[in-house]
Amino acid sequence: MITNVEINQEIQKQLDKDIKNGLFKSEVRELIAFWIIEIGEVGFEEYIKSNFAKALCDHELKDSRQGERSIHLNETGGRLIYKCVKSKIIIKVIKITADHDYK
């Protein structure tokens, strides 16, 4: 089943600023692009069982972020937070953060 990943313009602009300001290395953009391609090619259900998902420490979040998931972007705590809308098989990126801040 095909899965689409959406990142809105505001989140993309903030990521570009964060890279420019040194909060992320430019490789993070490549990692996110690869993540999007991987999910699109294999589908979310297969991705979530894959070694790639394990390598990114893909996991469900709790409390105020229940229903959302997170992947690790770097060793300094960078995260990409997303939500899977299963009825449409669309993954919406909610936040990309340079540290382990889920707020």
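Read on for a plain summary of the structure. Bear in mind that the values here come from a model prediction, so they are computed numbers and not experimental data.

## Quick notes on the pairing of strand β4 (residues 79-85)
Across a regular strand the side chains alternate sides, sitting on one face of the sheet and then on the other.
Thought 1: Burial runs high along β4: five of the seven residues are buried.
Thought 2: In this structure, strand β3 (residues 69-72) lies alongside β4, joined through four bridges in antiparallel fashion. By the bridge assignment, isoleucine 71 is partnered in β4 with leucine 80.
Thought 3: Counted between consecutive antiparallel strands, the loop separating β3 from β4 contains six residues, among which glycine 77 sits at a positive phi close to 105°.

## Some remarks on the packing of aromatic side chains
Thought 1: Within the structure shown, the criterion is met by five aromatic pairs.
Thought 2: Where phenylalanine 44 meets tyrosine 47, the ring centres are 6.2 Å apart and the plane angle is 45°; that geometry is what we call tilted. In this pair, phenylalanine 44 and tyrosine 47 are both assigned in helix α3 (residues 44-48), three residues apart and thus about one turn of the helix distant.
Thought 3: Using a relative accessible area of 7% as the deciding quantity, one classes phenylalanine 44 as buried.
Thought 4: Ring plane angle 75° and centroid distance 6.4 Å describe the contact between phenylalanine 44 and tyrosine 82, whose orientation is recorded as edge-to-face. Of this pair, phenylalanine 44 sits in helix α3 while tyrosine 82 sits in strand β4, and the two are 38 residues apart along the sequence.

## Brief notes about the nonpolar core
Thought 1: Ranked by internal contacts, the top residues of the largest apolar core, which has 22 residues, are Phe24, Trp35, Tyr47, Ile71, Leu73, Leu80 and Ile96.
Thought 2: Within the residue set of this core, elements represented by two or more residues are α1 (9-20), α2 (27-42), α3, α4 (51-55), β4 and β5 (90-97).
Thought 3: Residue contributions to this core peak at four residues, all from α2.
Thought 4: Leaving out residues up to four positions away in the same chain, isoleucine 96 has contacts with Ile11, Leu15, Asp18, Phe24, Ile32, Leu73, Arg79 and Leu80.

Rules and cut-offs
- Residues numbered from 1 in each chain as written.
- Predicted model: local features only at pLDDT ≥ 70, side-chain atom pairs only at ≥ 80, totals over all residues.
- Heavy atoms only, no water.
- Buried < 20%, exposed > 50% of the residue type's maximum accessible area, 1.4 Å probe, protein only.
- Helix = DSSP H or I, 4+ residues; strand = E, 2+ residues; numbered from the N terminus.
- Pairing = 2+ DSSP bridges.
- Phe/Tyr/Trp six-rings, centres within 6.5 Å; stacked < 30°, edge-to-face > 60°.
- Core = buried A, V, L, I, M, F, W, Y, C linked by side-chain atoms within 4.5 Å.
- Contact = heavy atoms within 4.5 Å.

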